[in-house]
Amino acid sequence: MKMVPMTGLILNEHEGEVHDAELDYYGQRLATCSSDKTIKIYSINNGNKTLLANIKGHHGPVWQICWSHPVSGHLLASCSYDKRVVVWKESNDWFNIFEFTHESSVNAVAWAPHQHGTILASASSDGSVGVHVFNKEWSSKSFSAHHNGCNTVAWAPYKELLFGSDQTDFGKKLVLASGGCDNLVKIWTVENDQWVQVGEINCHTDWVRDVAWTCTIGDNRQLIASCSEDKTVVVSHSDDYSKWSSVRMHLFDSRVWTVSWSKIGNVLAVSAETNKVSLWKENTIGHWISCSDIDDTKGGED
């Protein structure tokens, strides 16, 4: 992925709080969404921005956006307090090509690895997860996932096995993680055309706000980072999707909202309520250490 210098880039075109921002696959366009019910698309070139589109169509705050892989045609998914998941496609302008309505606010959207096709997941405060598949036309299924609400979803990365295992489909299965208001992270996969729970991570004592999935380099493990209103980040690993070993990475000073892995999966970015972003890396003895802190209130690095 192309690296884009972002120093000094300030986005101030929204009329409400910005809830999410995401670069596309090539790092050339940035999408943002806001409480002002709009999505904005920018061209990013050498740290400069140009507003390309102002997408209107949601009827409430837009919580999250997600670009698809280019093989799906640069689609942009969004979710909103208006209970809707929307998929947008560019053709001179941006058009709504699909939408699905949950029974309550939709809090998160995530595209599956492109090797599985064009598949989108959504998480709703009604406690359900929706899975939306495009195969000549769109179809949707939803299933009950979390009591009192689902806050986040993340797909297992597609990964070829590096060395000996009798689980020939491990790393290639369509597997989803969700986090909810029941303080749990749950692992789901498809069996006989139905979504079933195959694993669970029970390490938090308050709402799970975000989950991020990655695979380690050099072995067959897969890792999930989860963060919670209990002020903790937990890193869990598995080699079969059902049995998970977990370690609490750190106890923060405030509630933790998001976690995000680097592209090669060895550095974890953590965003907390205090506007502080920290970067963490596992050392040779399995302990997670802080390698950088970025404080939004200072605009610099500690």
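Residues numbered from 1 in each chain as written. Predicted model: local features only at pLDDT ≥ 70, side-chain atom pairs only at ≥ 80, totals over all residues. Heavy atoms only, no water.

(A) View of the pairing of strand β8 (residues 93-101). Bridging between strand β7 (residues 84-91) and β8 involves eight bridges; their strand directions are antiparallel. The partner of K89 across the bridge, within β8, is F95. Once β7 ends, the chain turns through one residue before running back antiparallel as β8, passing N92 with a positive phi of about 70°. (Pairing = 2+ DSSP bridges. Helix = DSSP H or I, 4+ residues; strand = E, 2+ residues; numbered from the N terminus.)

(B) Focus on the nonpolar core. Of all hydrophobic cores here, the largest spans 17 residues; its most connected members are V129, V131, F143, V153, W155, L176 and W195. Broken down by secondary-structure element, the contributors of at least two residues to this core are β9 (106-111), β10 (118-124), β11 (128-135) and β13 (150-155). Excluding anything up to four places from it in sequence, V153 contacts A108, V109, A110, A121, S122, A123, V129, L176, A177, S178 and V211. (Core = buried A, V, L, I, M, F, W, Y, C linked by side-chain atoms within 4.5 Å. Buried < 20%, exposed > 50% of the residue type's maximum accessible area, 1.4 Å probe, protein only. Contact = heavy atoms within 4.5 Å.)

(C) Quick peek at the UniProt feature "repeat: WD" (unreviewed entry) in the protein chain. According to UniProt, the "repeat: WD" (unreviewed entry) feature falls on residues 11-52 and 55-89. In the segment residues 55-89, helix accounts for 0% and strand for 54%; the C-alpha atoms at its two ends are 11 Å apart. (UniProt positions renumbered as here; feature names shortened; annotations may be inferred.)

(D) Summary view of the confidence of the model for the protein chain. Model confidence for the protein chain is summarised by a mean pLDDT of 88, while 87% of its residues fall at 70 or above. Predicted confidence is poor over residues 1-8, with pLDDT under 50, and the contacts of this stretch with residues over four places away or in other chains come to eleven contacts. Here residues 297-302 is a poorly scored stretch, pLDDT under 50, and it has nine contacts once near neighbours within four places are set aside; other chains count. (pLDDT = per-residue confidence, 0-100.)

(E) The side chain of S178, seen in detail. You can see S178 is positioned in strand β14 (residues 175-180). With a relative accessible area of 0%, S178 lands in the buried category. Side chain to side chain, S178 and H146 meet in a polar contact 2.7 Å long. Aside from chain neighbours lying at most four places away, what touches S178 is V129, A145, H146, C150, T152, V153, L184, V185, K186 and W188. (Polar contact = N/O pair within 3.5 Å; in protein donor to acceptor, adjacent residues only side chain to side chain.)

(F) Highlighting the packing of aromatic side chains. Overall, the coordinates contain twelve aromatic pairs when judged by the stated rule. Ring centres 5.1 Å apart and planes at 90° place the aromatic pair Y25 and Y26 in the edge-to-face group. Between W213 and Y241 the ring centres are 6.2 Å apart and the planes differ by 65°, which places this aromatic pair in the edge-to-face class. With W213 in strand β17 (residues 208-215) and Y241 in the loop between β19 (232-238) and β20 (245-251), this residue pair connects regions lying 28 residues apart in the sequence. For Y241, a relative accessible area of 4% corresponds to the buried category. Through pairs of rings, three or more aromatic residues link up here, namely F143, W155, W188 and W195. (Phe/Tyr/Trp six-rings, centres within 6.5 Å; stacked < 30°, edge-to-face > 60°.)

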